[in-house]
Amino acid sequence: QVHLVESGGGLVQAGGSLRLSCAASGSILSANAMGWYRQAPGMQRELVARIITGGRTNYADSVEGRFTISRDNAKNTVYLQMNSLKPEDTAVYYCNADYWDSEYWGQGTQVTVSS
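Note that the structure is a prediction, hence the values are computed from the model and not measured. Residue numbers here run from 1 along each chain, matching the order of that chain's written sequence. It should be noted that, the model being predicted, local features are given only for residues of pLDDT at least 70 and side-chain atom pairs only at 80 or more, the latter also being counted only at that level, while totals for whole chains, interfaces and linings use all residues. Values reported for side chains reflect all heavy atoms of the structure, with hydrogen atoms and water molecules removed beforehand.

A. The arrangement of the pattern of salt bridges in detail. Think of a salt bridge as a Lys or Arg side-chain nitrogen and an Asp or Glu carboxyl oxygen that are within 4 Å of each other. What the rule picks out here adds up to 4 salt bridges. Put simply, Asp98 and Arg50 hold a salt bridge, and the shortest N to O gap is 3.4 Å. One end of the pair, Asp98, is in strand S9 (residues 91-98); the other, Arg50, is in strand S5 (residues 46-52), with 48 residues separating them in the sequence. When its relative accessible area of 22% is taken as the criterion, Arg50 is described as partly exposed. Runs of H or I in DSSP of at least four residues are treated as helices and runs of E of at least two as strands, each being numbered from the N terminus. Here's how the labels work: a residue is buried when its accessible area is under 20% of the maximum for its type, exposed when over 50%, partly exposed in between, all with a 1.4 Å probe on protein chains only.

Written out as structure tokens, the structure reads:
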């Protein structure tokens, strides 16, 4: 069992920045992938960014060039740097850990971008 705890959400004006953190209770080195997802009210949860074994990353088209996912294996922590935030980025952001045969989610952190 791996517990994920997100932090760093909050209220920011459009054009601003936030950095989300996801601290894992276990090693993230053995994870196939670590990712960030988001869910806006009335919408399905969607992939925002993902970093897989070996360091390759992929992003949703809507955040490409504005968001950066990174990981610190020594701290078992994954980050999401979000720049040039837009009101449409408003959502609950969830951390995800894919350990090949099991998957874990954090409790989510709210990000609200005001116009």
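That was the structure; now back to the text.
B. Molecular detail of the environment of Asp89. Within the secondary structure, Asp89 sits in the loop between strand S8 (77-82) and S9. Among the residues examined, Asp89 registers a relative accessible area of 1% and is labelled buried. The spatial distance from the C-alpha of Asp89 to the C-alpha of Thr112 is 7.4 Å, given a sequence separation of 23 residues. In what follows, a contact means two residues having at least one pair of non-hydrogen atoms within 4.5 Å. Residues within four places of Asp89 in sequence aside, it is in contact with Arg38, Val63, Arg66, Phe67, Ser84, Val111 and Val113. A polar atom in the side chain of Asp89 sits 3.0 Å from the side chain of Arg38. Separated by 2.8 Å, the side chains of Asp89 and Arg66 make a polar contact. Here a polar contact is taken to be a pair of N or O atoms separated by no more than 3.5 Å, where protein atoms must pair a possible hydrogen donor with a possible acceptor and residues adjacent in sequence count only if both atoms sit in side chains.

C. Quick peek at the environment of Ser115. As for its placement among the helices and strands, Ser115 is situated in the segment after strand S11 (109-114). Measuring from C-alpha to C-alpha, the distance between Ser115 and Tyr94 comes to 23 Å, with 21 residues separating the pair along the chain. Beyond its immediate sequence surroundings of up to four residues, Ser115 is in contact with Ala14 and Pro87.

D. Looking closely at the packing of aromatic side chains. Pairing of aromatic rings covers Phe, Tyr and Trp, the last through its six-membered ring, and needs centres within 6.5 Å; plane angles under 30 degrees mean stacked, over 60 mean edge-to-face, and all others mean tilted. Applying the stated criterion across every chain yields a total of 2 aromatic pairs. An angle of 65° between the planes, with centres 5.0 Å apart, marks the rings of Tyr37 and Trp105 as edge-to-face. Of this pair, Tyr37 sits in strand S4 (residues 33-39) while Trp105 sits in strand S10 (residues 103-105), and the two are 68 residues apart along the sequence. For Trp105, a relative accessible area of 34% corresponds to the partly exposed category.

E. Spatial organisation of the state of the cysteines. Cysteine sulfur atoms that come within 2.5 Å of each other are treated as a disulfide pair. Considering all chains together, one arrives at 1 disulfide under this definition. Here Cys22 pairs with Cys95 through a disulfide, and the sulfurs are 2.1 Å apart. Between Cys22 and Cys95, the S-S torsion sits near -80°, and that sign places the bridge as left-handed. Of the two residues, Cys22 is situated in strand S3 (residues 18-24) and Cys95 in strand S9; the sequence distance between them amounts to 73 residues.

F. How the structure looks around the sheet that holds strand S1 (residues 4-7). An order of S1-S3-S8-S7 is seen for the 4 strands of this open sheet, with the pairing classed as antiparallel. The open sheet has two edge strands, S1 and strand S7 (67-72), and neither has a second partner. The sheet shows a mean angle of 15° between the axes of neighbouring strands, taken without regard to direction. Should DSSP find at least two bridges between two strands, the strands are taken to pair. Summarising the sheet, S7 and S8 pair through 6 bridges and their orientation is antiparallel. Each bridged residue has a counterpart across the sheet, and for Thr68 the counterpart in S8 is Gln81. Angles shown run from 0 to 180 degrees and are taken between the N-to-C directions of axes, each axis being a line fitted to C-alpha atoms and, for helices, limited to the stretch in contact.

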